[in-house]
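Now for the letters of each chain:
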Amino acid sequence: MIWRKFLAPLAGMWWVVTSARNVLFNHNILYSKSFPIPIISVGNLSTGGTGKTPHTAYLLEFLKNRYRTAVLSRGYGRKTKGFLVANYDSTAKQIGDEPSLFFNRFRNRIIVAVGEDRIAAIRKLLKQFELDAIILDDAFQHRRLRAGFQILLTDYSQLYVDDYLLPMGNLRESYVGARRADAIIVTKCPEEMSDEQKQEIAKKLQVRAAQPLFFSRIVYGDTLIHPKYPMKLSESRDCHVLLVTGIANPKPMEVYAKSQFNKVSHLSFPDHHDFKPDDIAQISMAYDEMQHPAIILTTEKDYMRLKHESALSENLYYLPITIAIDRQSEFDEMIENYVQQN
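Reading the values: rules and limits
Residues numbered from 1 in each chain as written. Predicted model: local features only at pLDDT ≥ 70, side-chain atom pairs only at ≥ 80, totals over all residues. Heavy atoms only, no water. Pairing = 2+ DSSP bridges. Helix = DSSP H or I, 4+ residues; strand = E, 2+ residues; numbered from the N terminus. Contact = heavy atoms within 4.5 Å. Axes fitted to C-alpha atoms, helices over the stretch in contact; angles between N-to-C directions. 1 Å grid on protein atoms, 1.4 Å probe; cavity = no way out; pocket = protein on both sides within 12 Å on 5 of 7 lines; lining within 4 Å. Points joined across faces, edges and corners; volume = space filled by probe spheres on them. Nonpolar A, V, L, I, M, F, W, Y, C, P; charged D, E, K, R; others polar.

Asks: Just checking my understanding: could you explain the sheet that holds strand 4 (residues 111–114) for this structure?
Replies: The strands making up a sheet associate through backbone hydrogen bonding, with each pair oriented either parallel or antiparallel. The strand order across the open sheet built from nine strands is 3-4-2-5-1-6-7-8-15, with neighbouring strands paired in mixed fashion. Because the sheet does not close on itself, it has two edges, and the strands there are strand 3 (84–85) and strand 15 (321–325). The sheet contact formed by strand 6 (residues 149–155) and strand 7 (residues 183–187) spans five bridges and is parallel. Bridge pairing links Asp 155 to Thr 187 in strand 7. Packed onto the sheet, helix 11 (residues 328–341) meets strand 1 (39–44), strand 5 (133–137), strand 6, strand 7, strand 8 (213–220) and strand 15 and runs at close to 150° relative to strand 6.

Below, the structure written as structure tokens:
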């Protein structure tokens, strides 16, 4: 877009600031704290929309029966501050939507914690619990804390080498920062990819020899989840669907919903949107105007913020997603070896 060119000077200033910061950390002028426990960070270079939540959930699923595992997030969008450990009474407003999703999915099989000061939060986690591993959600730029293993995600439809720095684009730092990653995953890939396509992307990303490159795709569940009335996807295709999203990149969900249902109307809100009474009224009105049978469909993450709204709860469903990783056994072995050796 032409208007982006006018933001180039600001992007240049952002490059100077972020590059200087990275140089200071790279030369140990600014100190990075490490801990004597395996810590895996899942992050990206962009402002969002690369699929951190399902990839973090994949790691938790893999580790939960092998090791005593905790996941730590800053709890973006929550109305509280400080260190908190999720429990059965926790809400998305208290701990954030991603931590709520993790707790809802894994319950007492892992520890879910939030804390904007990650170093202080890890100290408290290690003091309160006996842990074998910690997963950091969205911490690639949190360089005060040195994770032992860094996983960097980039969206297939917008690789970080094709993006620009803020505010001209969506990058938090230059794509040179990708060199810090121990492994890179290209996310949201099409179901069929040739080896030639993968090699072309690897060349474009300029991955180092020591950086394994993986490709993942979204896998949608076959059941619409509701606390009382779950429905098989195959049995609900005739429903008219009001799709409600508050995520960074809702396009894949919208495309998938339109491929599965006869009619889909989409209400899109900003990422981590704090739904106000006016928003709930707008959703309710849009639902009432639809031809029935109809349902309100949202993402699992958005469901954590909407499920307590009595005006919506009876008709509110979410479609869970997981990921499939190519060379999955190699990826799993890489994670297993890191945790065991550390």
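Asks: Hey, could you run me through the layout of surface pockets in this one?
Replies: To find leftover empty space, a probe the size of one water molecule is rolled over the atoms. Taken as a whole, the largest pocket holds about 700 Å³ of empty space. Looking at the lining of the largest pocket, the elements that each hand over two or more residues are helix 2 (52–63), helix 4 (97–106), strand 8, helix 7 (251–260), helix 9 (300–306) and strand 15. The leading source of residues in the lining of the largest pocket is helix 2, at five residues. In the lining of the largest pocket, the residues fall into 13 nonpolar, twelve polar and twelve charged. Of the pockets and cavities examined, the second largest pocket occupies roughly 360 Å³. Contributing to the lining of the second largest pocket are 14 residues, with Cys 189, Arg 217, Ile 218, Tyr 220 and Tyr 256 lying nearest its centre. Contributing elements (two or more residues each) for the lining of the second largest pocket: strand 8 and helix 7. Broken down by element, the lining of the second largest pocket gets its largest block of residues, five residues, from helix 7. Tallied by class, the residues present in the lining of the second largest pocket amount to eight nonpolar, two polar and four charged.

Everything listed here is a matter of geometry and, on its own, says nothing about what the molecule does.
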